[in-house]
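One letter stands for each residue in the lines below.
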There are 2 protein chains.
Amino acid sequence: MKPINVGLLGIGTVGGGVYAVLERNADEIARRAGREIRITVVADRDIERARRLTNGAVKLTDDALGVTRDPDIDIVVELIGGETLAKDLALSAIENGKHFVTANKALLAVHGNEIFAAARRRDVMVAFEAAVAGGIPIIKALRESLSANRIEWVAGIINGTTNFILSEMRDKGLPFAEVLRQAQRLGYAEADPTFDIEGVDAAHKATIMSAIAFGIPMQFDKAHVEGISRLESVDIGYAGQLGYRIKLLGIARKRPEGIELRVHPTLVHANKLLANVEGAMNAVLVQADAVGATLYYGKGAGAEPTASAVIADLVDITRLHTADPEHRVPHLAFQPDQVLDVPVLPIGEALTSFYLRMRVLDKPGVLADITRILADSDISIDAMIQREAGEGESQTDIIMLTHQTVEKNAEAAIARIEALDSVQGKVTRLRLETL
Amino acid sequence: MKPINVGLLGIGTVGGGVYAVLERNADEIARRAGREIRITVVADRDIERARRLTNGAVKLTDDALGVTRDPDIDIVVELIGGETLAKDLALSAIENGKHFVTANKALLAVHGNEIFAAARRRDVMVAFEAAVAGGIPIIKALRESLSANRIEWVAGIINGTTNFILSEMRDKGLPFAEVLRQAQRLGYAEADPTFDIEGVDAAHKATIMSAIAFGIPMQFDKAHVEGISRLESVDIGYAGQLGYRIKLLGIARKRPEGIELRVHPTLVHANKLLANVEGAMNAVLVQADAVGATLYYGKGAGAEPTASAVIADLVDITRLHTADPEHRVPHLAFQPDQVLDVPVLPIGEALTSFYLRMRVLDKPGVLADITRILADSDISIDAMIQREAGEGESQTDIIMLTHQTVEKNAEAAIARIEALDSVQGKVTRLRLETL
């Protein structure tokens, strides 16, 4: 059969990985796909870099838009990143009847609904295994492998930068800012790490998973997004004493009232597999009614792990590109007319447990006041540490884990606790998930 | 679109699960598949049980072969188990142009080559996600998600019964026979547990994974199969002291000389995720050149987890059953003419590390003799415990972990050690994998 011609937009880290793996494993891939998959044109602003990486074996251009219109190209792979140019390229590729593969989570979380609608009109495939959790095949698992199930929730460590920082903060007892600088030196964090450390990247990925898991549109603007930049080492320590680790989780949960979609630092019990995913690794845990819990673990970033996912999409498309659209897996797992407009709930409606740390005066009755407020709000306490006040100290810490409650209920109780004379400053709260 | 009609052969535990999940999640499944998937006939020897489980909603028969010839049936699902009747049913279904779904690992590991050849002749699909690791989508991951990669090895905890027994032996310090009886009482082990405890079931699954991972035919008869029935608690204890847990692993590894295909109790370092897969859970770790290590975890058995995998196959086939065969994923991941006859190596050629436990006379020079023999054979020692002989004891234990060596080389050295006057009885050896 004749080869499939791929136009590669962007030959940076991931693009370079795709090029290298396609070349190195050409035989193995063709043995599976039944035909050759070859990159015939590469678009990059940096033509010199592109030339170096491709050894002059393919056509080079700085006109990415031109590639999306090239009649010889069957599949366009977008690895430029960002939202603006990438969206133009996606829509142009689709408009010109190209299948479109991307690793760009921001693009899909923000503009996915528009892009998938355009793809349906033109009967082309949009594939994005690499957009969530890099080399871990979580998109295919959710879309195809769990198709018998009602998926109940998805919870993932889906940002390697923050997971690396959290592992280091715990292991070395260092503060956030110092570990971040170290991560930047080691190349685990970007020069501008905002998207990673503030949870935006994880929220893009959680948004994509929520759409596929529940058959809903992308609703990134409704996601609750909280990063790790304000996390204090003292809380990692107390959590450890209570048997928990703190992970930045992306969570999507279906409830009768709607969807919870949230990213935040989360206490996870140390005996759970998810708590033991360390460093830059990713993992996604899925709870579904028939299969129960399944977990998918691997490298969530990097040139070749991400390339593995991009090329798997290329092989899938190669197989199906001449098949009727009805033979394809729907973009969002559910048939387009079966995507339901279920709302994402405001964070106040989230059902979660809490870790609370309070700075209190070391005097009788304080604990009684606090527990009374919690009891009034129907919040029950699962575990507690009261740090002993040191010699001559007038203040001490109380740390509590609560059972599950509605978040706005907890917030109201916490406001009452903060109003107590014996409680100093704000109550530090972190969410805890039993998973 | 018109519904897909499924004939279900066998409505025992798994068959009952498939029926129940297809009914309970009919809407969710149809939202994904684009059409209804319905069981229209059930064949079972026990018509009364079938009637009870189906509430009389479908046609019942005790003639399974008749179902494979029924012109109204699109897909035949075989959940009877065993090799003889199941093979006849598979070949008859295929001969009659039905797509065929099975959870039967023995059938595929032993007769898979013949069945896939028949399916190719008749242009029908054979799907078997449920045959390996129950609800974990490892077949799809190996076949589709890792298609960019040269897969280097696969190592899995793929038998829940033995994993449960090993977890219990370690946690409670009980001997094998006693834990087995307890597992039988709890329903985690069959009345005749031979296939599970002797590693045969795991070897069937490892054989299937090896074929898909490396593009080779099923070669179950070449697999090295060793179960856990002779494993002693004392070795679980010593392994623990050295930082390791003992798991029954199914391993398939590609080497330039051929394929290693082996099932045996294996020391795995306690800090590895695989070592922390406890009880009846399953997990498969895959090492591949581009993506690195990925791990897939979940329930490896049970009615609904297995049903989840069976129904995922039904959805896949529903999507593709009217598509040209070239649009389908090849049965063994690689195109039929690209399945290569790479040999499975004899166990003597396996590359592995060893745990060795020796009963020795407590006198000077013994250790020197043993380490000299190992050094002569180029086997280096990674760690060692010498148990102190108790008051009045004339014998003691030496436990060693070796670095990787060719197995026949280790066996020759062990024979020389056993021939030493100071070494009592046989040397206990267990394989260790660094994974």
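This text follows the structure it describes.
Summarised in this report is the structure supplied together with it. Keep in mind it's a predicted model, so treat the numbers as computed, not measured.

Every contact between the two is made by 62 residues of chain A and, on the other side, 62 residues of chain B. Each partner contributes to the roughly 5,300 Å² buried at the junction of chain A and chain B, and carbon and sulfur atoms together form 50% of this total. Its largest share of buried area at the contact with chain B, chain A owes to Arg31(A), Arg32(A) and Arg319(A), together 17% of the area lost on that side. At the junction of chain A with chain B, the criterion picks out four salt bridges. Between the two partners, chain A and chain B, sit 32 residue pairs in polar contact (both at pLDDT 80 or more). Elements with a minimum of two residues in the side of chain A that touches chain B: α1 (13-24), α2 (26-33), α7 (138-145), α11 (200-214), β12 (292-299) and α13 (303-320) of chain A. Take the side of chain A that touches chain B: its biggest share by element is nine residues, from α13(A). Tallied by class, the residues present in the side of chain A that touches chain B amount to 31 nonpolar, 16 polar and 15 charged. The pairing of β12(A) with strand β12 (residues 292-299) of chain B spans three bridges and is antiparallel. Following the sheet pairing, Leu295(A) is matched in β12(B) by Tyr297(B).

So, on to empty space enclosed by the protein. Applying the stated criterion across every chain, the model contains seven cavities of 30 Å³ or more. What the largest cavity holds in volume is close to 60 Å³. Lining the largest cavity we find Met1(A), Ala33(A), Arg35(A), Thr318(A), Arg319(A), His321(A), Thr322(A), Glu326(B) and His327(B). Tallied by class, the residues present in the lining of the largest cavity amount to two nonpolar, four polar and three charged.

Turning our attention to the relation of the copies chain A and chain B. If you rotate chain A by 180° and push it 0.0 Å along the axis, it lands on chain B with an RMSD of 0.0 Å. The relationship between the two copies is best expressed as a two-fold rotation axis. When C-alpha positions in chain A are compared against the rotation axis, the closest is assigned to Tyr296(A), at 2.4 Å. When the interface residues of chain A are mapped onto chain B, 100% of them again fall at the interface, so both copies present the same face.

With that settled, consider the packing of aromatic side chains. This model, assessed by the stated rule, comprises five aromatic pairs over all chains. Judged by centre distance (4.3 Å) and plane angle (35°), the rings of Phe164(A) and Tyr188(A) are tilted. Remark: Tyr188(A) occurs in the loop between α9 (176-186) and α10 (194-197) and Phe164(A) occurs in helix α8 (residues 160-172); sequence separation between them is 24 residues. Measuring from ring centre to ring centre gives 6.4 Å for Tyr296(A) and Tyr296(B), while their planes differ by 80°; the resulting arrangement is edge-to-face. Remark: Tyr296(B) occurs in strand β12 and Tyr296(A) occurs in strand β12; the pair is interchain, linking two chains. According to the relative accessible area criterion, Tyr296(A) is buried, its value standing at 1%.

Residues and elements named next belong to chain B. Look at helix α8 (residues 160-172): 18 Å from first C-alpha to last across 13 residues, which is about the 18 Å you get at 1.5 Å a residue. For α8, the buried fraction is high: ten of the 13 residues fall into the buried class. Three or more residues of α8 are buried, namely Gly-160, Thr-161, Thr-162, Asn-163, Phe-164, Ile-165, Leu-166, Ser-167, Glu-168 and Met-169. Where α8 is buried, its residues contact β7 (151-157), α9 (176-186), α10 (194-197), α12 (233-241), β9 (244-255) and β11 (281-288). A positive phi of about 65° marks Gly-173, the residue just after α8.

Two modes of strand pairing occur in sheets, parallel and antiparallel, and in both the strands are linked by backbone hydrogen bonds. All names here are of chain A. Spatial strand order, β3-β2-β1-β4-β5-β6: six strands in an open sheet with parallel pairing. If you trace the sheet from one side to the other, it starts and ends with β3 (59-61) and β6 (126-127), each paired once. Where strand β1 (residues 4-9) and strand β4 (residues 75-78) come together, four bridges link them in parallel fashion. Each bridged residue has a counterpart across the sheet, and for Leu-9 the counterpart in β4 is Glu-78.

All names here are of chain B. Spatially, the six strands line up as an open sheet ordered β3-β2-β1-β4-β5-β6, and their pairing is parallel. The open sheet terminates on both sides in strands that have one partner only, identified here as β3 (59-61) and β6 (126-127). Relative to strand β5 (residues 99-102), strand β4 (residues 75-78) runs parallel, the two being bridged by four bridges. Within the sheet, the bridge partner assigned to Val-76 lies in β5 and is Phe-100.

Residues Tyr296(A) and Val286(A), ten residues apart in the sequence, show an inter-C-alpha distance of 8.5 Å. Discounting residues that sit within four places of it in the chain, Tyr296(A) has contacts with Ile136(A), Ile138(A), Ala141(A), Leu146(A), Asn282(A), Ala283(A), Val284(A), Val286(A), Pro137(B), Leu295(B) and Tyr296(B).

With that out of the way, let us pick up unusual backbone geometry. Residue and element names in this part refer to chain A. Of note, the phi angle at Asn-55 is positive, near 50°, even though the residue is not glycine. Tracing the backbone through its elements, the reader meets Asn-55 in the loop between α3 (47-54) and β3. Despite not being glycine, Asp-123 has its phi angle at roughly 55°, a positive value. As for its position among the elements, Asp-123 is in the loop between α6 (105-122) and β6.

Of all hydrophobic cores here, the largest spans 174 residues; its most connected members are Ile138(A) and Ile138(B). If you tally residues by element for this core, the top one is helix α11 (residues 200-214) of chain B, at ten residues. Among all residues touching Ile138(B), those that are not within four sequence positions of it are Glu129(B), Val132(B), Ala133(B), Met209(B), Val284(B), Val286(B) and Tyr296(B). Of all hydrophobic cores here, the second largest spans 68 residues; its members include Ala50(A), Val42(B), Val101(B) and Ala103(B).

The rules behind these values
- Position numbers for residues start from 1 in each chain and track the written sequence from start to end.
- Chain A is the first chain written and ligand 1 is the first ligand written, with later ones labelled in order.
- With pLDDT at 70 or above as the cut-off, local features in this predicted model cover only qualifying residues; side-chain atom pairs require 80 or more to be listed or tallied, and sums for whole chains, interfaces and linings still use all residues.
- Calculated side-chain values reflect all of the structure's heavy atoms, with hydrogen atoms and water omitted.
- Contacts are residue-level and defined by heavy atoms, with any inter-residue pair within 4.5 Å sufficient.
- Simply put, the buried area is the total loss of 1.4 Å probe accessible area from both parts when two parts are fitted together.
- We define a salt bridge as a contact between a side-chain nitrogen of Lys or Arg and a carboxyl oxygen of Asp or Glu at a distance within 4 Å.
- Pairing of N or O atoms within 3.5 Å defines a polar contact, subject to two protein rules: one partner must be a possible hydrogen donor and the other a possible acceptor, and residues neighboring in sequence count only if both atoms are side-chain atoms.
- Counting from the N terminus, the helices are the DSSP runs of H or I reaching at least four residues and the strands are the DSSP runs of E reaching at least two.
- Charged residues are taken to be Asp, Glu, Lys and Arg, nonpolar residues to be Ala, Val, Leu, Ile, Met, Phe, Trp, Tyr, Cys and Pro, and polar residues to be all remaining types, Gly included.
- Pairing between strands requires that DSSP locate at least two bridges from one strand to the other.
- Space inside and on the surface of the protein is sampled on a 1 Å grid over the protein atoms alone, with a cavity defined as a set of points where a 1.4 Å probe fits but cannot get out and a pocket as an open set with protein on both sides within 12 Å along at least 5 of 7 lines; lining residues have an atom within 4 Å of a point.
- Grid points are joined across faces, edges and corners, and a volume is the space filled by probe spheres set on the points.
- Least squares is the method for superposing the copies, and the C-alpha atoms it fits come from residues with pLDDT of at least 70 in both.
- Pairing of aromatic rings covers Phe, Tyr and the six-membered ring of Trp, with a centre-to-centre limit of 6.5 Å; geometry is then stacked below 30 degrees between planes, edge-to-face above 60, and tilted otherwise.
- Note on exposure labels: buried denotes an accessible area under 20% of the residue type's maximum, exposed denotes more than 50%, and partly exposed covers the range between, all computed with a 1.4 Å probe on protein chains only.
- By this rule the span expected of a helix is its residue count minus one, scaled by 1.5 Å.
- In this description, a nonpolar core means a group of buried Ala, Val, Leu, Ile, Met, Phe, Trp, Tyr and Cys residues linked to one another through side-chain atoms lying within 4.5 Å.

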